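# Overview (structure and organization)
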Amino acid sequence: MILRDGVIEKSASGNKLEFVFINKDSLYVMEYLLPLTEDGRPKFFLEITDYRNKKSTWKMEEIPLPRYLLNI
């Protein structure tokens, strides 16, 4: 999926960025939370709102790259 012409919104505290895109009848918001936990890893969430205002939210998790991609 390629989303274009979005905007970046930064929270006042500086610990959250939102990348906001509109595509056809849907609103896409990718939320990036800076590390707030002991492991120091950021959190990513994707929220999609359709034209009926129905929201779907997914938490994105980091996964290791397969070995065949490490040397690219």
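Scope of this entry: the structure provided in the associated data block. (Residues numbered from 1 in each chain as written. Predicted model: local features only at pLDDT ≥ 70, side-chain atom pairs only at ≥ 80, totals over all residues. Heavy atoms only, no water.)

### A word on the overall build of the protein
Helix and strand counts for the protein come out as 0 helices and 5 strands. The N-to-C order of helical and strand elements in the protein reads β-β-β-β-β. For the protein, the C-alpha radius of gyration of 15 Å lies well beyond 11 Å, the compact-globule estimate for 72 residues. The C-alpha extent of the protein, read off along each of the three principal axes, is 40 × 35 × 20 Å. A total of 72 residues make up the protein; the buried ones form 17% of that total. Within the protein, residue pairs in contact and separated by at least 24 positions form 6% of the contacts whose partners lie at least 6 positions apart. Of the roughly 6,400 Å² of accessible surface on the protein, a fraction of 54% belongs to carbon and sulfur atoms. (Helix = DSSP H or I, 4+ residues; strand = E, 2+ residues; numbered from the N terminus. Rg over C-alpha atoms; globule rule 2.2 N^0.38 Å. Buried < 20%, exposed > 50% of the residue type's maximum accessible area, 1.4 Å probe, protein only. Contact = heavy atoms within 4.5 Å. Areas by Shrake-Rupley, 256 points an atom, 1.4 Å probe, with all protein chains shown as cover.)

### Digging into the pattern of salt bridges
By the definition in use, this model includes 3 salt bridges. Linking E31 and K16 is a salt bridge whose minimum nitrogen-to-oxygen distance equals 3.5 Å. Taken together, the residues span a long stretch of sequence, with E31 in strand β3 (residues 26-33) and K16 in strand β2 (residues 16-23) at a distance of 15 residues. Among the charged side chains, a network of salt bridges with common partners joins K16, E18 and E31. (Salt bridge = Lys/Arg side-chain N within 4 Å of Asp/Glu carboxyl O.)

### Points about the side chain of E18
As for its placement among the helices and strands, E18 is situated in strand β2. If we ignore the near neighbours within four places in the chain, the residues touching E18 are V7, I8, E9, V29, M30 and E31.

### Description of the packing of aromatic side chains
Taken as a whole, this structure holds 1 aromatic pair when the rule is applied. Plain terms: the ring middles of Y32 and F44 are 5.0 Å apart, the flat faces sit at 40° to each other, and that makes the pair tilted. With Y32 in strand β3 and F44 in strand β4 (residues 43-49), the pair connects residues that are 12 residues apart, well separated along the chain. Note on F44: relative accessible area 33%, which makes it partly exposed. (Phe/Tyr/Trp six-rings, centres within 6.5 Å; stacked < 30°, edge-to-face > 60°.)

### Some remarks on the side chain of E31
The class of E31 is buried, set by a relative accessible area of 18%. Only 3.5 Å separates the side chain of E31 from the side chain of K16, close enough to count as a polar contact. In this structure, E31 is in contact with K16, L17, E18, K43, F44 and F45, ignoring residues within four places of it in sequence. (Polar contact = N/O pair within 3.5 Å; in protein donor to acceptor, adjacent residues only side chain to side chain.)

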